[in-house]
Amino acid sequence: MPKLVMTTVRVYVTLKPSLLDSAGRTVAQALQKLGYDELHQTRIGKLIELQVETYDEVRVKAMCDSLLANPVIEDYQIEVVA
Amino acid sequence: MKVAVLRFPGSNCDQDAYFSLRDDLGVEAEYVWHESTSLTGFDAVFLPGGFSYGDYLRCGAMAARAPVMAEVSRFAAEGKPVIGACNGFQMLCEAGLLPGALLLNAEQRFICKDVYLKAENRTSLWTRNVDKVLRIPIAHGEGRYVVDQVTAETLERNGQIAFRYVDPTGDLTDAANVNGSAYSIAGVLNERGNVLGLMPHPERATRALLGSTDGFQILNALKLVVSNL
């Protein structure tokens, strides 16, 4: 039986730059308290890893638009790993 | 008037809503599981607060794709009363039935206290009975309403801003805007005015013993609207 080869696709979901990331701000403050004075900002996003039998950009984009990201508040980037 | 109180895995204000509607308001209420595909026989829908699906991915994101939501969309389109409080508001936004989205509170903390609300819209079925500044509790970590400027202007123009956070005298202040919401928005309506989403919990303010009965000013709509349907 042939071995099923999967493609790994990474979807990076980030909050739109215009929106306050209050959790990211707290993390930045914590890093500054640890002495990392060079740090100005931290923003937190999500990495969602998908394993698909066949990679179809249109279908992965549809997954992002319909569920993985909320276009009102988030942007996303797709990276095909292998 | 028979109200469907939706239940999702992780809902935790479903009983608050049920008992408030049945015992305090005096309308028929029945729980409906999220996998249900029919709301036949119901006149209105209440989407309760809680942490549906553990807030996985985004608050309300999974619930907004549950089977029962097709029926909620139908209710919205038919002009029937639909209300979502707290997590229910997040679901309605995620489902695209209301504009905007809800993010982590500006000051990160989970806030659980009474807030004061001013009804901006005075004509929708949900807001036309409000005749004073309301005192209603909130209990949320992710209630900061965000909306882009163009949409916000449209909301203002259409009278879709239902409630704003104000001080006890009804004035807009930065301090009153507890979670840092855009334009101090606490609740919004769809264009037709039959779908209301708000972060405060009117169902927790329908009994003097619980500290406030101001929730009636919103929920009374469910008793009054039936004669107009």
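Described in the following lines is the structure provided in the data block. Bear in mind that the values here come from a model prediction, so they are computed numbers and not experimental data.

A few words on the overall build of chain B. If you tally the helices and strands in chain B, you get six helices and 11 strands. Against the globule reference of 17 Å for 229 residues, chain B gives a C-alpha radius of gyration of 16 Å, in line with a compact fold. The buried share of chain B, reckoned over its 229 residues, is 56%. Within chain B, residue pairs in contact and separated by at least 24 positions form 78% of the contacts whose partners lie at least 6 positions apart.

Here we come to the sheet that holds strand E9 (residues 161-166) of chain B. Residue and element names in this part refer to chain B. In spatial order, the strands read E2-E1-E3-E4-E11-E10-E9-E6-E7; together these nine strands make up an open sheet with mixed pairing. Taken across any chain shown, the strands that pair with only one partner, and hence form the sheet edges, are strand E2 (28-33) and strand E7 (134-140). Taken over all neighbouring pairs, the strand axes of this sheet differ in orientation by 25° on average, direction set aside. Bridging between strand E1 (residues 2-7) and strand E3 (residues 44-47) involves three bridges; their strand directions are parallel. By the bridge assignment for E3, Val 3 is matched with Ala 44.

Each partner contributes to the interface: chain B provides 12 residues, whereas chain A provides nine residues. Residue composition of the side of chain B that touches chain A, grouped by class: six nonpolar, three polar and three charged.

About the criteria used
- Residues numbered from 1 in each chain as written.
- Chains lettered and ligands numbered in written order.
- Predicted model: local features only at pLDDT ≥ 70, side-chain atom pairs only at ≥ 80, totals over all residues.
- Helix = DSSP H or I, 4+ residues; strand = E, 2+ residues; numbered from the N terminus.
- Rg over C-alpha atoms; globule rule 2.2 N^0.38 Å.
- Buried ≥ 20, exposed ≤ 12 C-beta atoms within 10 Å, placed from the backbone.
- Contact = placed C-beta atoms within 7 Å.
- Pairing = 2+ DSSP bridges.
- Axes fitted to C-alpha atoms, helices over the stretch in contact; angles between N-to-C directions.
- Nonpolar A, V, L, I, M, F, W, Y, C, P; charged D, E, K, R; others polar.

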